[in-house]
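Now for the letters of each chain:
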Amino acid sequence: MGAWALLLGAWALLLPGLPDVAQAQAQACSVRPNVFEVEENTKLSGPLVNVSVPEGQQVTLGPSSTPFAFRIQGTQLFLNVTPDYEENTVLEAHLECRRGDTLVTQQKVLVIVLDVNDNPPKFPFKVRVWSVSEDTEVNTVVIPEMELQAKDLDKNDILFYTLQEVTLGASSLFSLVGVNLPALRLDRPLDFDRHRNMTFQLMARDTREEDAVPSHTATATLVLEVQPADLRPPWFLPCVYSDSHFCLSAQYQGAIPTGHRLPAPLILRPGPIYAVDGDWGINQRIIYSLIRGQDEDDTFVINADSGNLTMTKSVPGPQTFLLLVKGEQEDHARYSVTQVTVEARDASGSPPRFPQSLYRGTVALGSGMGVAVKDAAAPSQPLRVWAQDPEFPDLNSAITYRITNNSNFQMDGEEVLTATQLVQAGVFYAEVEANNTVTSGTAATVLEIEVTELEPTPTGGSHVEDQRFSVTEMAALGGVLGALLLLAVIALAILVHKHYGPLLQCCSGKALEPQGFDNKAFLAKDGEASWAPAPSPRPTRTPAEVPPASPLPTLPAPASPGPALESPTVARDEGGPAGVRSILTKERRPEGGYKAVWFSENIGAEADVVVLNAPTMDADRASDSGSEGSGDESNGAAGVGEGPGSDSTSI
């Protein structure tokens, strides 16, 4: 130590301006430790470190310290902020020890901020739409990585991406290049007709495992709009699909009569010549033309816009034409060709044929001129009358119609109209003649039109003005009436049970006799259902034509042995079992054994209904002995008994 003292003394002599080194060390500020590690988002409430300050000195923060990060209270250093790794990775505090204005020493304190996964990733968009051409090649990156990449403020985080389909089946067409590379790649060819719009959800996660803690995710929506490309030629309809890129076009057939030039376009099968752009999304206009082949003499021409095929002249003899029709896109990029077969046949002049020999219609009385006659089988539809040429079934446009024998009606094409105001009700008959203007063949059929007394349905807004009650009001009224009806039925049932309960219980064991029904319009001869319409009404007959009235039917014999009834008006009584007793009487007789019609003495405001259960009860209730008589039929209503010993009912 003496050597060190001598050495320091020598330095003091040489450098008289410097303080004594040992004294300076003993009198300088000191900080231990001076390096700290703190996780971001950690808020320290206590002092970071205590500063050792000699007596007579003061410690302050130097200007090189991280602004606003620290403060000194007395001799303690405090962290003044909550560390954020994304803002500052290191916080520095420069401590200056001074004696008065003299700087004695300086100390540095470092706070190293540790990164924590506290920020979720973020995409630069929420929803974004991209357009993809239908003819994009497979394995092409349709959206680059830079447009789909998410950002994470946690600089050390590695993002993991997944692609989820929203549109069903879309994931089979696209995929991501890699789990950490969010570029979108096409895996299969696109088809505009099947997938025009596809939606995906792209998710970014800042941890590899989904259940890691902490873990943050972000999502964005991708919408891909497939733009159609010109991949397919025009298709002649109806066509048969082999796949979404090819459809086998239709071929057409038709027939024409020899020696005649059809004024209208040819009617072909399976339909008119019609083509569409195979790329429906582009839908180019189609232009039609004939590729000259067998038809070198220009017998046919085709309309470039509609595709209708017409004749320029007649064909003298039987011949088959094979025409090639070209359908080309308006931009001349693609075209297709189909074949039309036209067969010229001899027109033998056979007449057209009506599918029905009788047409039934109906129209309201008072209808004016030009009112359509309705079909009797379908009153909401107009009555149509049409014929067909058996040799040329496609020449319907060449057939005209007219009514030959009734001035009340006229033909408008295939529809039947009134030709004048109808002032008389009844059933009218008319003949319709069909004339084939090409083959000159004619045929006729019959119309049966019933003019009913029903007034025509009002048109316009008059029915709205006549409506006094709304639908809601009518429904409420119906509910009230239904409730009242239910109450009335219940009350009637109570009254019947109260007054006639014992009688009804006695009679309840009797089975009803089966009844038969006859509906000749419904039942066929073999008993099966027949849906043939009922015969139409015939005109009212004159008095001379009315047949004489048939006699009243004979009443059936009673079920049990008893007297037979010769006539409902017989009024004799022979008193024996074989005799015939009168069925007309004013007295209720207790004895049975015959069918009787009893007339009440005082038929007036209400009906007198009496159920007689047994002959003994009738005997007790009868006020007089059974005198016989024809009775006055106008004084009462009749009740019919069932036979000997049966119950009888009088009204």
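Source: prediction; values computed, not measured.

Trainee: Tell me about the overall build of the protein chain, and name the residues and values.
Mentor: Each helix and strand in the protein chain was counted, giving 6 helices and 36 strands. Counting the 651 residues in the protein chain, one finds 30% classified as buried. Of the contacts made within the protein chain by residues no fewer than 6 positions apart, 63% connect residues no fewer than 24 positions apart. Put simply, the protein chain shows about 39600 Å² of open surface, and 55% of that area lies on carbon and sulfur atoms.

Trainee: Residues and numbers for the state of the cysteines, please.
Mentor: One pass over the structure, following the stated rule, counts 2 disulfides. Paired by a disulfide, cysteine 239 and cysteine 247 hold their sulfur atoms 2.1 Å apart. Between cysteine 239 and cysteine 247, the S-S dihedral sits near 100 degrees, and the bridge is therefore right-handed. In this structure, cysteine 239 and cysteine 247 share a single accessibility class: buried. The connectivity of the disulfide-linked cysteines in the protein chain, indexed sequentially, is 1-2, 3-4.

Trainee: I'd love a proper account of the sheet that holds strand E11 (residues 160-165), names of residues and values included.
Mentor: Pairing is mixed in the open sheet, where 4 strands are placed in the order E9-E15-E14-E11. The open sheet has two edge strands, strand E9 (127-133) and E11, and neither has a second partner. Adjacent strand axes in the sheet meet at a mean angle of 30 degrees, parallel and antiparallel pairs treated alike. In this sheet, strand E14 (residues 197-205) lies alongside E11 in antiparallel orientation, the contact comprising 6 bridges. Residue pairing across strands places glutamate 165 opposite phenylalanine 200, the latter belonging to E14.

Trainee: Lay out a nonpolar patch on the surface in plain terms, naming residues and giving numbers.
Mentor: On the surface, a nonpolar cluster with roughly 870 Å² of combined accessible area is contributed by Met474, Leu477, Val480, Leu481, Leu484, Leu486, Leu487, Ile490 and Ile494. Checked against the element boundaries, isoleucine 490 lands in helix H5 (residues 471-507). Isoleucine 490 sits in the partly exposed class, given a relative accessible area of 42%.

Trainee: If you had to explain the packing of aromatic side chains to someone new, which residues and values would you point to?
Mentor: Scanning the model with the defined rule gives 8 aromatic pairs in all. Relative to tryptophan 130, the ring of phenylalanine 125 lies with its centre 5.7 Å away and its plane at 75 degrees, an arrangement referred to as edge-to-face. For the pair phenylalanine 125 and tryptophan 130, one class covers both residues: buried. Pairing phenylalanine 174 with phenylalanine 200 gives two aromatic rings, centres 5.9 Å apart and planes at 80 degrees, and the pair type is edge-to-face. Placement of the pair is phenylalanine 174 in strand E12 (residues 174-176) and phenylalanine 200 in strand E14, with a sequence separation of 26 residues. Taking the relative accessible area as the measure of exposure, phenylalanine 174 reaches 2% and is therefore buried. The exposure class assigned to phenylalanine 200 is buried, which follows from its relative accessible area of 1%. Grouping aromatic residues by their ring pairs yields a cluster made of Phe123, Phe125, Trp130 and Tyr161. Residue placement shows lysine 326 over the ring face of tyrosine 335; its charged tip is 4.5 Å from the ring centre.

Trainee: Which residues make up the pairing of strand E24 (residues 319-329), and what values do they have?
Mentor: The sheet contact formed by strand E21 (residues 286-291) and E24 spans 6 bridges and is antiparallel. The partner of tyrosine 288 across the bridge, within E24, is glycine 327. Pairing between E24 and strand E25 (residues 335-345): 10 bridges, direction antiparallel. Counterpart to glycine 327 in the pairing with E25 is serine 336. Turn length for the E24-E25 hairpin, with the two strands adjacent in sequence and antiparallel, is 5 residues, and the turn residue histidine 332 shows positive phi of about 60 degrees.

Trainee: Explain the environment of leucine 202 residue by residue, including any values.
Mentor: Here leucine 202 lies in strand E14. Sequence separation of leucine 202 and phenylalanine 123 is 79 residues, and the distance between their C-alpha atoms is 9.5 Å. Excluding residues within four positions of it along the chain, leucine 202 makes contact with Phe123, Leu148, Tyr161, Thr162, Leu163, Leu176, Ala218, Thr219, Ala220 and Leu222.

Trainee: Pulling in residues and values, what's your account of the pairing of strand E8 (residues 102-114)?
Mentor: Inspection of the sheet shows strand E2 (residues 35-39) paired to E8 by 5 bridges, in the parallel sense. Along E8, the bridge assignment pairs valine 35 with leucine 110. Sheet topology places strand E7 (residues 90-99) next to E8; 10 bridges connect them, and they run antiparallel. If you follow valine 90 over to E8, its bridge partner there is isoleucine 112. In this antiparallel pair of consecutive strands, E7 and E8, the connection spans 2 residues, and glycine 100 shows a positive phi of 70 degrees.

Trainee: Break down the sheet that holds strand E6 (residues 76-79) for me, with residues and values.
Mentor: What links the strands of a sheet is backbone hydrogen bonding, and the strands pair in either a parallel or an antiparallel sense. Strand order in the open sheet formed by 4 strands is E1-E3-E6-E5, and the pairing between neighbours is antiparallel. Because the sheet does not close on itself, it has two edges, and the strands there are strand E1 (30-31) and strand E5 (70-73).

Trainee: So what about the pattern of salt bridges? Which residues, and what values?
Mentor: According to the stated counting rule, one finds 15 salt bridges in the structure shown. For arginine 232, the salt bridge identified is with aspartate 279, shortest N-O distance 2.6 Å. With a gap of 47 residues between them, arginine 232 in the loop between strand E15 (217-227) and strand E16 (234-236) and aspartate 279 in the loop between strand E20 (275-277) and E21 connect regions that are remote in the sequence. The same class applies to arginine 232 as to aspartate 279, namely buried.

Trainee: Quick rundown of the environment of valine 213? Include the residues and the values.
Mentor: Turning to its location among the elements, valine 213 is positioned in the loop between E14 and E15. Residue class for valine 213 comes out exposed when judged on its relative accessible area of 79%. Taking the C-alpha atoms as reference points, valine 213 and asparagine 117, separated by 96 residues in sequence, lie 9.2 Å from one another.

Trainee: Which residues make up the nonpolar core, and what values do they have?
Mentor: Of all hydrophobic cores here, the largest spans 28 residues; its most connected members are Ile256, Leu266, Ile273, Phe300, Leu309, Val340 and Val342. When residues of this core are traced back to their parent elements, those giving at least two are strand E19 (252-257), E21, strand E22 (300-302), strand E23 (309-311), E24 and E25. Setting aside chain neighbours within four positions, we find isoleucine 256 in contact with Leu262, Leu266, Phe300, Met311, Val315, Val342, Glu343, Ala344, Arg345 and Phe392.

Trainee: Outline the environment of tryptophan 280, supporting the account with residue identities and numerical values.
Mentor: Inspection of the secondary structure assignment puts tryptophan 280 in the loop between E20 and E21. Tryptophan 280 sits 50 residues away from aspartate 230 along the chain, and the two C-alpha atoms are 9.5 Å apart. Beyond its immediate sequence surroundings of up to four residues, tryptophan 280 is in contact with Asp193 and Tyr241. Reaching out from tryptophan 280, the side chain makes a polar contact with the backbone oxygen of aspartate 277 at a distance of 3.3 Å.

Trainee: I'd like a rundown of the confidence of the model for the protein chain, residues and numbers included.
Mentor: Taken as a whole, the protein chain shows an average pLDDT of 76; of its residues, 69% reach a score of 70 or greater. Confidence drops under pLDDT 50 across residues 456-460; counting only partners more than four residues distant or on other chains, this segment forms 4 contacts. In the model, residues 462-467 has pLDDT below 50 throughout and makes 1 contact with residues more than four positions away in sequence or in other chains.

Trainee: How would you explain the side chain of serine 336 if you had to name every residue and give the values?
Mentor: Inspection of the secondary structure assignment puts serine 336 in strand E25. Using a relative accessible area of 11% as the deciding quantity, one classes serine 336 as buried. In this structure the side chain of serine 336 is engaged in a polar contact, spanning 2.5 Å, whose partner is the backbone oxygen of proline 234. Excluding residues that lie within four positions of it along the chain, serine 336 makes contacts with Pro233, Pro234, Phe236, Val325, Lys326 and Gly327.

How each quantity is defined
- Residues numbered from 1 in each chain as written.
- Predicted model: local features only at pLDDT ≥ 70, side-chain atom pairs only at ≥ 80, totals over all residues.
- Heavy atoms only, no water.
- Helix = DSSP H or I, 4+ residues; strand = E, 2+ residues; numbered from the N terminus.
- Buried < 20%, exposed > 50% of the residue type's maximum accessible area, 1.4 Å probe, protein only.
- Contact = heavy atoms within 4.5 Å.
- Areas by Shrake-Rupley, 256 points an atom, 1.4 Å probe, with all protein chains shown as cover.
- Disulfide = S-S within 2.5 Å.
- Pairing = 2+ DSSP bridges.
- Axes fitted to C-alpha atoms, helices over the stretch in contact; angles between N-to-C directions.
- Patch = residues over 30% accessible without salt bridge, like charges linked within 9 Å, V, L, I, M, F, W, Y side chains within 5 Å.
- Salt bridge = Lys/Arg side-chain N within 4 Å of Asp/Glu carboxyl O.
- Phe/Tyr/Trp six-rings, centres within 6.5 Å; stacked < 30°, edge-to-face > 60°.
- Lys NZ or Arg CZ within 6 Å of the ring centre and 35° of its normal.
- Core = buried A, V, L, I, M, F, W, Y, C linked by side-chain atoms within 4.5 Å.
- Polar contact = N/O pair within 3.5 Å; in protein donor to acceptor, adjacent residues only side chain to side chain.
- pLDDT = per-residue confidence, 0-100.

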